[in-house]
Amino acid sequence: AELERAFTERFGEPIETIAGVPTRDYLLRKSNVFWFDKSKDEAYLHQSILSGPPIQDPNTPKDEAFVMDEFEGLIEDLGPICYVSALCGKFIQRNGLSVTSITSVRPLDLLKRNPDRFVIVGGGNVSLAKFKDHPEVKNAMASSGGKSQRAARALLDAQIPVPEMVTEQDVINEFQRLIMNDGAQAVYISSLCGRFLQRFKKPVTQIINSRPADFLRKYPEIFDVVGGGNVKLTPAAMENWENGGTEGLALKGRAASESEVGGKDAGVESEPEDDRPEVPLSEALCMKILGKISPPGHAEVVRRRVTELAQSLQKECFLALQDVVVAGAPGKNVVITNGAEDAELVLLVENLPDGDHDKWLSHILDTLMAVLEMRLANRARNCRTCGGGRALLTLEPEKSVPDSQPLLVFLSVTHCVNSRQELYRQMRNCNDELVSNFLLPGLMREVVELIAEQPPNVLATMKLLHWWASQQMWPTRSQPPPYLLELLVLEAALRPLAGHEDDNDPIREVDSTIPVPELLEATLELCSRLPELSITWKSSSFVLYAPSEVDEEVLEQKPLILDPTNPCVNVAMRGNFNPVELSLRTGRRCVSGRLRFFHDFELSESCASSGTA
């Protein structure tokens, strides 16, 4: 009551009128700011806010000077060195406003404009000018190097020949060289990727088939990922490098990978042929595999964890959220245990700018990740942006749930549009990859509903295909996107398979009676012919647009698998995906693909149960 009276006296309006909900509900909703004791009807500021420097007078003008004073106080309290994104997250938590909404410039640029108060340490970190002689600040600045040092290193790097064909081994060698040149100390992974791009003129992610941090973890004998986005060389790798060896430690891991994918380049001739007849899959075998990779209750647990995260975002996010869409495997009801149980949350936000996405989108994601890292505490780790207008975090396993595993969650931010046609118009007029990636999640709800509402035989086939793909060692840019595999299953379910033809029906419906083994084999056959496919979903019951809405230049692409929810997107051509390897591994005469992989599962299970494996 006292809080309501004081608020009304100051602002002339009761809290409920401004917030749109009763005061108690508002305090409970903003649990990241207030702690509300229901039994005593009393509200307190959250301890994380009280633990910092004193909060400034609310009447203080919210201008650049206000931001500078806040940053200085926070660094004094948390310092001597602070991550800029963490400062921005703390600023939002304390003041309910973002830094850029006040200053209209990037926080790092703002700090650089005030060298009398702040020192840029490097690697996204900042300190106070009065701390410049602090040992920790001196060490950080010495390890990061000045502009002249960086320029000299870049000049030397430019003189080193670049191979015509850049392989994963080149990435390993270059990262080792860069770390050793920096004094063999821990180096930001993002810094290594940036310097790799400068020398090789292509991003690391075009060479490797995973996130850089995950790629480095594949070589624990060389790289030690130490947290905080840093990596250093192992003592053995340092000794090997100093003795003149550049590839020795990596060759074992590389040879193992190559043996699994069928050769160094895993190209068109990497898979031998097998003339032996195929043994058809049985319903019992498919159900046995499904029981292993999708046990009862597992999907519900994963979906609950992601939904709880979505609810936390809706309650605590500083953005004007209209909704949060749960996507990825949990949203589409295709969760498996033996594959990438990646989830995705799409934040539909109101009042976002219409242009200059490169100036604000990454900062919004950086700030969001900093806020989530503080709020989720021990529940999540590795909260960071990952390029392409996306961010990610890893939910830690739940101690109360047996066999709980870490869960990777991607986050995308997009704006709210009035209609699908408006989004189609924006995508047709878009020539920028970052903007295109920003717009695309606007139809994620439709994508999720399209997959999740399919009949059980289709969902079961999708799970089996995801499991098969997750067990393969894919060359760079050859791992099939999950949505691509799901659409191929849909196409197989629509096709006039033997015994299921109905030429008199003008609308093509999904056949819920096709046995799972038959549908899986039909999908693998489509995969084997992927380079020549042209799937436009003509007359399909679930397509959301008319044929006339598809541009001619899209229809001319090969392979072509249109997104049933978006006429502007060819799913088979997104992300520089190379369809050749999938086609090879699903050919009827491919030794390591097609049905043999499923039969090998049955054999390994039999050996395990008999104690011979």
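Model, not experiment: these values are computed from the prediction.

Calculation criteria
Residues numbered from 1 in each chain as written. Predicted model: local features only at pLDDT ≥ 70, side-chain atom pairs only at ≥ 80, totals over all residues. Heavy atoms only, no water. Helix = DSSP H or I, 4+ residues; strand = E, 2+ residues; numbered from the N terminus. Buried < 20%, exposed > 50% of the residue type's maximum accessible area, 1.4 Å probe, protein only. Contact = heavy atoms within 4.5 Å. Areas by Shrake-Rupley, 256 points an atom, 1.4 Å probe, with all protein chains shown as cover. Expected span 1.5 Å × (residues − 1). Arc of directions from axis to C-beta. Pairing = 2+ DSSP bridges. Patch = residues over 30% accessible without salt bridge, like charges linked within 9 Å, V, L, I, M, F, W, Y side chains within 5 Å. Salt bridge = Lys/Arg side-chain N within 4 Å of Asp/Glu carboxyl O. Lys, Arg positive; Asp, Glu negative; His and termini not counted. Charge placed at Lys NZ, Arg CZ, Asp CG, Glu CD. Polar contact = N/O pair within 3.5 Å; in protein donor to acceptor, adjacent residues only side chain to side chain. Axes fitted to C-alpha atoms, helices over the stretch in contact; angles between N-to-C directions. Parallel < 35°, antiparallel > 145°, perpendicular 65-115°, else oblique. Left-handed = near helix turned anticlockwise from the far one by under 90°. Nonpolar A, V, L, I, M, F, W, Y, C, P; charged D, E, K, R; others polar. Phe/Tyr/Trp six-rings, centres within 6.5 Å; stacked < 30°, edge-to-face > 60°. Lys NZ or Arg CZ within 6 Å of the ring centre and 35° of its normal. Core = buried A, V, L, I, M, F, W, Y, C linked by side-chain atoms within 4.5 Å.

Engineer: Teacher, can you tell me more about the overall build of the chain here?
Structural biologist: Of regular secondary structure, the chain possesses 28 helices and 16 strands. Per-residue burial for the chain yields a buried fraction of 44% across its 613 residues. Summarising the internal contacts of the chain: among those between residues at least 6 apart in sequence, 65% fall at separations of at least 24. As displayed, the chain has an accessible area near 30,400 Å², and 51% of this comes from carbon and sulfur atoms.

Engineer: Where do I start with helix H12 (residues 189–200) in this structure?
Structural biologist: Along an α-helix, a turn takes 3.6 residues, which lines up residues three or four apart on a common side. Taking 1.5 Å per residue, 12 residues should reach 16 Å; H12 reaches 16 Å between its end C-alpha atoms and fits that length. Along H12, the positions that sit buried rather than exposed are Ile189, Leu192, Cys193, Arg195, Phe196, Arg199 and Phe200. Buried residues in H12, looked at end-on, bunch into an arc of 170°, giving them a common side. Residues of H12 that are exposed and angled more than 90 degrees away from the buried face: Ser190 and Gln198. Taken from the residues just after H12, Lys201 is the one with a positive phi, measuring 60°.

Engineer: It is not clear to me how the pairing of strand E16 (residues 566–570) should be interpreted in this structure. Could you clarify?
Structural biologist: Looking along a regular strand, one sees side chains alternate from face to face of the sheet. Summarising burial for E16: four of the five residues are buried, a large majority. Hairpin connection of strand E15 (residues 560–563) to E16: two residues between the antiparallel strands.

Engineer: Which parts of the structure should I look at to understand a negative patch on the surface?
Structural biologist: Residues Asp356, Asp358, Asp432 and Glu433 make up a contiguous surface patch of negative charge. Given the relative accessible area of 38%, Asp432 is considered partly exposed.

Engineer: How should the environment of Asp432 be read in this particular structure?
Structural biologist: Checked against the element boundaries, Asp432 lands in the loop between helix H20 (420–428) and helix H21 (433–439). At 3.0 Å, the side chain of Asp432 and the backbone nitrogen of Val435 are in polar contact.

Engineer: Honestly, the sheet that holds strand E3 (residues 82–83) in this entry has me stumped. Any pointers?
Structural biologist: Backbone-to-backbone hydrogen bonds pair the strands of a sheet. The strands run either parallel or antiparallel. Here three strands make up an open sheet; going across it, the order is E3-E5-E4 and the pairing antiparallel. Looking along the sheet, the strands with just one partner apiece sit at the ends: E3 and strand E4 (118–122). In this structure, E4 lies alongside strand E5 (residues 125–128), joined through four bridges in antiparallel fashion. Directly across from Phe118, in E5, lies its bridge partner Leu128. Sitting on the sheet, helix H5 (residues 64–78) is in contact with E3, E4 and E5, with an inclination near 90° to E5.

Engineer: How should the sheet that holds strand E13 (residues 407–415) be read in this particular structure?
Structural biologist: The strand order E9-E10-E13-E12-E11 describes an open sheet built from five strands, whose pairing is mixed. At either end of the open sheet lies a strand with only one pairing partner, and these are strand E9 (321–327) and strand E11 (380–387). The average angle at which neighbouring strand axes cross in this sheet is 20°, direction not considered. As paired strands, E11 and strand E12 (residues 390–395) are joined by five bridges and run antiparallel to one another. Paired with Thr385 across the two strands is Ala391, which belongs to E12. Helix H17 (residues 298–316) contacts E9, strand E10 (343–349), E12 and E13 of the sheet and is inclined by roughly 165° relative to E9. Where helix H22 (residues 444–452) meets the sheet, it contacts E9 and E10, and its direction lies at approximately 35° from that of E9.

Engineer: Hey, could you run me through the packing of H22 against helix H24 (residues 482–494) in this one?
Structural biologist: Relative to each other, H22 and H24 sit at 45°, their axes nearing to 11 Å. Relative to H24, the element H22 lies oblique. Crossing of H22 over H24 shows left-handed handedness. On H24, the residues touching Val447, Leu450 and Ile451 of H22 are Tyr483, Glu486, Leu487 and Leu490. Residue composition of the contact of H22 with H24, grouped by class: six nonpolar, no polar and one charged.

Engineer: Sorry, what's going on with the packing of aromatic side chains here?
Structural biologist: The description of an aromatic ring pair uses the distance of the two centres, along with the angle that the planes make with each other. All chains considered together, the criterion is met by six aromatic pairs. Judged by centre distance (4.2 Å) and plane angle (15°), the rings of Phe196 and Phe200 are stacked. Placement of both Phe196 and Phe200 in helix H12 is noted, with a separation of four residues, approximately one turn of the helix. Neither residue differs from the other here; Phe196 and Phe200 are each classed as buried. One cation-aromatic arrangement involves Lys62 over Phe66; the distance from NZ or CZ to the ring centre is 5.0 Å.

Engineer: Help me understand the nonpolar core in this model?
Structural biologist: A general tendency of soluble globular proteins is for nonpolar side chains to be buried together. Of all hydrophobic cores here, the largest spans 107 residues; its most connected members are Leu345, Leu347, Leu393, Leu411, Leu490 and Trp537. Per-element tally for this core: the top contributor is H24, with 10 residues. Every residue in contact with Leu393, bar those within four places of it in the chain, is listed here: Leu309, Leu372, Leu376, Ala380, Arg381, Asn382, Cys383, Leu407, Leu408, Val409 and Leu411. If you look at the next biggest cluster of nonpolar residues, it comprises 25 residues, including Val166, Val171, Leu192 and Ile208.

Engineer: Teacher, can you tell me more about helix H23 (residues 456–470) here?
Structural biologist: Along its 15 residues, H23 runs 21 Å from first to last C-alpha, staying within 8% of the 21 Å computed at 1.5 Å per residue. The element H23 is extensively covered by neighbouring structure, given that 13 of its 15 residues are classed as buried.

Engineer: Please clarify how unusual backbone geometry should be interpreted in this entry.
Structural biologist: Phi is mostly negative for residues that are not glycine, and the peptide bonds are mostly trans. Residue Lys558 is joined to Pro559 through a cis peptide bond whose omega torsion reads -10°. Within the fold, Pro559 resides in the loop between helix H26 (552–555) and E15. At Asn351, a residue that is not glycine, the phi angle is positive and equals roughly 65°. With respect to the helices and strands, Asn351 occurs in the loop between E10 and helix H19 (357–376). Backbone geometry places Asp356, a non-glycine residue, at a positive phi of 55°. Position of Asp356 among the secondary structure elements: in the loop between E10 and H19.

Engineer: What is the right way to look at the pattern of salt bridges in this model?
Structural biologist: Pairing of side chains with opposite charge becomes possible as their charged atoms draw close. This structure, assessed with the given rule, holds 19 salt bridges. One salt bridge in this structure joins Glu486 and Lys332, with 2.8 Å as the shortest N-O distance. Taken together, the residues span a long stretch of sequence, with Glu486 in helix H24 and Lys332 in helix H18 (residues 328–332) at a distance of 154 residues. Residue Glu486 is classed as buried on the basis of its relative accessible area of 1%. As a salt-bridge pair, Arg428 and Asp551 come within 3.5 Å of each other at their nearest N and O atoms. Linking Arg428 in helix H20 with Asp551 in the loop between strand E14 (534–535) and H26, this pair joins segments that are 123 residues apart in sequence. A relative accessible area of 33% means that Arg428 is categorised as partly exposed. The network of salt bridges with shared partners includes Asp69, Glu72 and Arg117.

Engineer: Is there a simple way to explain the environment of Glu491 in this structure?
Structural biologist: Following the sequence through the fold, Glu491 ends up in helix H24. For Glu491, a relative accessible area of 5% translates into the label buried. With 49 residues separating them along the chain, Glu491 and Ser540 place their C-alpha atoms 9.4 Å apart. If near-sequence neighbours (up to four positions away) are discounted, Glu491 is found in contact with Arg508, Leu526, Ile535 and Trp537.

In short, the description is geometric, and any link to function would need to be established separately.
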